[in-house]
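Given next are the chains, with one letter for each unit.
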There are 2 protein chains.
Amino acid sequence: MNSVPMSRLRIDLDERGYDIRIGCGLLSDPDSWSGLPRAAQALIVSNTTVAPLYAQRLQEALSPHHERVLQVVLPDGEAHKDWPTLNLIFDALLEQECDRRTVLYALGGGVVGDITGFAAACYMRGVPFVQVPTTLLAQVDSSVGGKTAINHPRGKNMIGAFYQPRRVICDLDVLDTLPPRELSAGLAEVIKYGPIADPAFLDWIEQNLDALRALDKAALSHAVRRSCEIKAQVVAADEREADLRAILNFGHTFGHAIEAGLGYGEWLHGEAVGCGMVMAAELSARLGMVEADFPRRLRALVERAGLPVVAPSLPIEQWLALMRLDKKALAGEIRFVLIDGLGQAVQRTAPEALVREVIQACSA
Amino acid sequence: MNSVPMSRLRIDLDERGYDIRIGCGLLSDPDSWSGLPRAAQALIVSNTTVAPLYAQRLQEALSPHHERVLQVVLPDGEAHKDWPTLNLIFDALLEQECDRRTVLYALGGGVVGDITGFAAACYMRGVPFVQVPTTLLAQVDSSVGGKTAINHPRGKNMIGAFYQPRRVICDLDVLDTLPPRELSAGLAEVIKYGPIADPAFLDWIEQNLDALRALDKAALSHAVRRSCEIKAQVVAADEREADLRAILNFGHTFGHAIEAGLGYGEWLHGEAVGCGMVMAAELSARLGMVEADFPRRLRALVERAGLPVVAPSLPIEQWLALMRLDKKALAGEIRFVLIDGLGQAVQRTAPEALVREVIQACSA
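What counts and what doesn't
Residues numbered from 1 in each chain as written. Chains lettered and ligands numbered in written order. Predicted model: local features only at pLDDT ≥ 70, side-chain atom pairs only at ≥ 80, totals over all residues. Heavy atoms only, no water. UniProt positions renumbered as here; feature names shortened; annotations may be inferred. Disulfide = S-S within 2.5 Å. Buried < 20%, exposed > 50% of the residue type's maximum accessible area, 1.4 Å probe, protein only. Contact = heavy atoms within 4.5 Å. Buried area = accessible area lost by both parts, 1.4 Å probe. Salt bridge = Lys/Arg side-chain N within 4 Å of Asp/Glu carboxyl O. Polar contact = N/O pair within 3.5 Å; in protein donor to acceptor, adjacent residues only side chain to side chain. Nonpolar A, V, L, I, M, F, W, Y, C, P; charged D, E, K, R; others polar. Phe/Tyr/Trp six-rings, centres within 6.5 Å; stacked < 30°, edge-to-face > 60°. Helix = DSSP H or I, 4+ residues; strand = E, 2+ residues; numbered from the N terminus. Pairing = 2+ DSSP bridges. Domains from an automatic or database assignment.

For chain A, an unreviewed UniProt entry supplies the name 3-dehydroquinate synthase and the organism Azohydromonas caseinilytica. What UniProt states about chain A under its Pathway (unreviewed entry) heading is, verbatim, "Metabolic intermediate biosynthesis; chorismate biosynthesis; chorismate from D-erythrose 4-phosphate and phosphoenolpyruvate: step 2/7." Chain A has a UniProt comment under Catalytic activity (unreviewed entry) that states "7-phospho-2-dehydro-3-deoxy-D-arabino-heptonate = 3-dehydroquinate + phosphate".

As structure tokens, then:
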């Protein structure tokens with residue numbers, strides 16, 4: 001039987017703390033939805049891909065808890081993580097006269113979660129929301145920790161809020177319908193946690209990658225749980241990214257430049273992060289911060305996960321301009337998350353000449 | 001000499017606490033701007049009316065504190081308190097590669113303050129901002145307490161955040177250029193604090209209304225300070241409007257309906273609030289919550305302040321529909337802030353028949 005017991009994890013943020021539940025069949029389990037804020041109205045926010053698969057099931061599971069459960073279906077994809085799409089949520093809420101107790105449920109991947117979380121942060125200056133991530137990437141990363149945002153044409157996640165969900169429900173069964181390309185994208189964020197925090201987890205991923213790609217529930221359960229544990233520790237220590245939390249952005253400085261440079265949606269976020277981690281590992285090694293062998297090891301694992309490891313060909317000046325707009329940049333200086341001995345990450349600048357070398361060495 | 005000593009007031013919100021400074025000549029006083037968060041970049045946000053008068057002076061005062069002080073000038077008026085205008089701020093920040101330490105300065109009235117505060121709340125998930133209110137209304141009410149928002153076509157302030165400024169600088173001298181109509185609008189919010197919290201302050205306003213309208217600085221200083229003191233107490237007790245804070249919305253349920261019903265900008269916010277208070281007083285009296293004489297007394301004072309006291313003629317069903325969309329409404333039930341004995345306010349529902357009577361009695 002390909003099923004696993006439910007496991008719980010706490011994000012410890014005092015009065016903003018909440019549970020992550022990881023397991024099989026959670027979407028239909030009444031217990032998943034009990035004890036959340038009471039409200040007459042709820043709004044399920046999903047997209048054109050996920051809604052046909054799971055919205056009805058969630059709607060039924062929620063109906064004992066709210067008098068009215070409404071739905072809004074957004075266009076799918078990173079290209080739609082923008083103001084007009086966000087406004088579809090506000091329009092739905094206001095057309096239906098939803099009050100300030102209304103609970104929003106984000107049913108989808110990272111884009112749906114980020115945009116729904118930001119809508120919840122802003123609607124009437126804040127209503128409760130619940131994350132119901134349906135992609136591996138959202139389960140291991142974006143649904144946890146309260147980062148919400150939309151993109152601006154000039155930069156990814158530039159407009160957003162730190163706003164915590166009331167609960168995160170990671171139903172491993174919904175990953176059965178995930179396209180292989182999306183599964184690979186999620187594995188990039190799983191792999192990330194090894195180099196930045198846990199070398200033993202990196203070993204485990206190397207040994208269990210085939211099981212993960214085959215959607216083995218026990219392997220997925222461990223991968224989601226360990227990823228969320230590491231993220232929970234980092235977020236509890238630095239909710240608003242004063243400093244430490246930035247290590248979760250390993251691979252993202254290069255990755256965001258790939259996404260923005262090619263146009264959002266061309267590469268999946270996880271694909272860009274996978275390639276970005278290889279580049280950041282290369283930069284770390286050239287700075288003598290990590291063993292020279294590490295970039296090769298990481299590259300092999302990222303490739304085995306089904307992810308691109310060669311960066312797209314963008315003009316070098318465009319790379320630098322895009323990275324200077326990264327949120328971690330200060331006073332025009334790009335700041336990278338680099339591996340400082342396997343299992344530890346730091347945020348720092350790097351000589352521009354070296355950055356140029358790495359981009360050239362890693363690009364098509 | 002029409003000048004007064006500077007006075008300070010603390011908004012007590014632990015690590016989000018901040019000072020309000022009230023006095024003459026503060027815009028040019030170097031001390032007003034010292035001790036704020038250090039940043040290479042600052043952005044002054046103002047509008048087409050206020051920028052020509054005061055932006056240069058603020059720019060010069062800030063130049064010792066930031067390497068680059070940028071400006072963005074928004075169109076003036078409540079009708080522009082919307083997404084396209086908000087986005088002008090994001091465009092300016094991103095075009096100039098402003099990082100996450102950038103400090104925003106809101107130089108203007110309530111619209112500039114609300115929209116700049118919301119931009120600060122969202123840009124890169126939060127940058128510091130300072131309120132430099134240039135209208136009486138903004139000095140006594142909207143710049144203090146961290147409510148930020150933009151309007152949605154279906155409702156006022158529907159999209160926003162609770163986000164506190166780092167400081168509020170109320171320079172009484174800038175009120176010298178305030179058009180009389182705007183001064184009257186500000187007096188509506190000053191008057192508000194009497195009935196909801198302080199009968200003695202209501203007496204004082206009645207006795208000093210002429211001095212206030214003549215821009216006497218000692219009178220203005222007292223009015224701004226006492227208003228901010230009352231607001232500070234309420235906000236410190238209930239920052240996110242769980243309950244008590246709603247009393248600051250006295251007159252606003254009817255008032256917001258007037259603003260939305262006529263189209264934003266037709267009546268000034270303070271005008272709508274002045275008339276809305278008269279209506280809410282009438283409703284309070286008809287419910288036997290306050291002396292029968294009180295609506296007449298309040299109406300006389302509002303009228304002496306130069307404000308309309310007769311509501312515009314809107315279809316009664318439109319009144320009710322607009323008020324059901326108020327943020328205080330719950331599950332379709334309108335909730336009013338009513339006077340429960342002079343000096344005390346409560347949030348409660350009222351029989352619809354009585355609400356209809358009040359609208360009819362108070363409308364043209």
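A.B. asks: Is there a simple way to think about the state of the cysteines in this case?
C.D. replies: A covalent bond bridging the sulfur atoms of two cysteines is what the word disulfide describes. Residues and elements named next belong to chain A. Under the definition given, this model contains 0 disulfides over all chains. The thiol of C170 is unpaired, and the distance to the nearest cysteine sulfur, on C228, comes to 5.2 Å. Accessibility expressed as a relative area gives 0% for C228, which makes it buried.

A.B. asks: Sorry, what's going on with the interface of chain B and chain A here?
C.D. replies: It is common to report an interface's size as the accessible area lost on association of the parts. With 39 residues of chain B at the contact, the number on the chain A side is 39 residues. With both sides pooled, the region where chain B packs onto chain A buries about 3700 Å², and carbon together with sulfur makes up 58% of that total. With a shortest N-O distance of 3.3 Å, R100 of chain A and E241 of chain B are connected by a salt bridge. Here chain B and chain A share 14 residue pairs in polar contact (both at pLDDT 80 or more) between them. Class assignment of the residues belonging to the side of chain B that touches chain A gives a composition of 19 nonpolar, 5 polar and 15 charged.

A.B. asks: I keep staring at the packing of aromatic side chains and nothing clicks. Help me out?
C.D. replies: For any pair of aromatic rings, the description rests on two quantities: the centre-to-centre distance and the angle between the ring planes. Applying the stated criterion across every chain, the model contains 13 aromatic pairs over all chains. Summarising the aromatic geometry, the rings of W83 of chain A and F90 of chain A are spaced 6.1 Å apart at their centres and angled 45 degrees between planes, so their arrangement reads as tilted. For the residue pair W83 of chain A and F90 of chain A, the accessibility class agrees, reading buried in each case. On the basis of an interplanar angle of 75 degrees and a centroid distance of 6.0 Å, the ring pair of W33 of chain B and Y105 of chain B is categorised as edge-to-face. Of the two residues, W33 of chain B is situated in the loop between β2 (18-23) and β3 (41-47) and Y105 of chain B in strand β5 (residues 103-108); the sequence distance between them amounts to 72 residues. For Y105 of chain B, a relative accessible area of 1% puts it in the buried group. By way of ring pairs, the aromatic residues W83 and F90 of chain A together with W83 and F90 of chain B are connected into one cluster.

A.B. asks: Quick question: what am I supposed to make of the pattern of salt bridges here?
C.D. replies: Opposite charge on two side chains lets them pair, provided their charged atoms get close. Residue and element names in this part refer to chain A. What the rule picks out here adds up to 58 salt bridges over all chains. With its nearest N and O atoms 3.3 Å apart, the salt bridge here joins R10 to D19. Residue D19 is classed as buried on the basis of its relative accessible area, which comes to 17%. Between D114 and K81 there is a salt bridge, with its nearest N and O atoms 2.7 Å apart. Of the two residues, D114 is situated in helix α3 (residues 110-122) and K81 in the loop between β4 (68-74) and α2 (83-95); the sequence distance between them amounts to 33 residues. The pair formed by D114 and K81 is uniform in burial state, with each residue classed as buried. Salt bridges here are not isolated pairs; linked through shared partners, they connect R8, R10, D19, R21 and D31.

A.B. asks: How do you make sense of the side chain of Q347 of chain A when you look at a structure like this?
C.D. replies: Residues and elements named next belong to chain A. Mapping Q347 onto the fold places it in strand β11 (residues 345-348). For Q347, the side chain forms a polar contact with the side chain of D243, separated by 3.3 Å. Setting aside chain neighbours within four positions, we find Q347 in contact with D243, A246, K328, R335, F336 and V337.

A.B. asks: Looking at this structure, I do not really get the pairing of strand β11 (residues 345-348) of chain B. What am I missing?
C.D. replies: For a regular strand, side chains alternate in direction, first toward one face of the sheet and then toward the other. Residues and elements named next belong to chain B. As paired strands, strand β10 (residues 336-339) and β11 are joined by 4 bridges and run antiparallel to one another. Following the sheet pairing, L338 is matched in β11 by V346. Here β10 folds back onto β11, and the loop between the two strands holds 5 residues, one of which, G341, carries a positive phi near 85 degrees.

A.B. asks: Would you explain the UniProt feature "binding site: Zn(2+)" (unreviewed entry) in chain A in this entry?
C.D. replies: Residue and element names in this part refer to chain A. On the UniProt side, "binding site: Zn(2+)" (unreviewed entry) is annotated at positions that read E189, H252 and H269 here. Across 81 residues of sequence, these annotated residues stay compact in space, with a maximum C-alpha separation of 10.2 Å. Examined against the element boundaries, E189 turns out to sit in helix α5 (residues 180-197). Relative accessible area serves as the criterion here: at 0%, E189 is assigned to the buried category. With residues near it in sequence (within four places) discarded, E189 still touches L137, V140, D141, H252, H269 and V273. Position of H269 relative to the elements: it lies in helix α9 (residues 269-286). Look at H269 and you get buried, because its relative accessible area is 16%. Separated by 2.8 Å, the side chains of H269 and E259 make a polar contact.

A.B. asks: How should the domain arrangement of chain A be read in this particular structure?
C.D. replies: All names here are of chain A. Domains assigned within chain A are domain 1 (7-177) and domain 2 (180-362). In this structure, domain 1 and domain 2 have C-alpha centres spaced 25 Å apart. Of the residues lining the interface, 38 residues belong to domain 1; the matching set on domain 2 comes to 36 residues. Approximately 3100 Å² of surface area, both sides summed, lies buried where domain 1 meets domain 2, with 65% of it carried by carbon and sulfur atoms. Applying the counting criterion to the domain 1 and domain 2 interface returns 6 salt bridges. Note that K217 is salt-bridged to D176, the shortest N-O span being 2.8 Å. Run the count over domain 1 and domain 2 and you get 15 residue pairs in polar contact (both at pLDDT 80 or more). When contributions to the side of domain 1 that touches domain 2 are tallied by element, the ones reaching two or more residues are β1 (7-11), β2 (18-23), α4 (136-142), β7 (147-152) and β8 (155-162). Here the element with the most residues in the side of domain 1 that touches domain 2 is α4; it accounts for 6 residues. Grouping the constituent residues of the side of domain 1 that touches domain 2 by class yields 16 nonpolar, 11 polar and 11 charged.

A.B. asks: Teacher, can you tell me more about the environment of E303 of chain B here?
C.D. replies: All names here are of chain B. Relative to the assigned elements, E303 resides in helix α10 (residues 294-304). Classification of E303 by relative accessible area gives partly exposed; the value is 47%. Spatially, the C-alpha atom of E303 lies 9.1 Å from that of C275, the residues being 28 residues apart in sequence.

A.B. asks: Teacher, can you tell me more about the environment of F294 of chain A here?
C.D. replies: All names here are of chain A. Tracing the backbone shows F294 in helix α10 (residues 294-304). Measuring from C-alpha to C-alpha, the distance between F294 and Y105 comes to 40 Å, with 189 residues separating the pair along the chain. Ignoring any residue separated from it by four or fewer positions in sequence, one finds F294 in contact with P195, L202, A281, I339 and L342.

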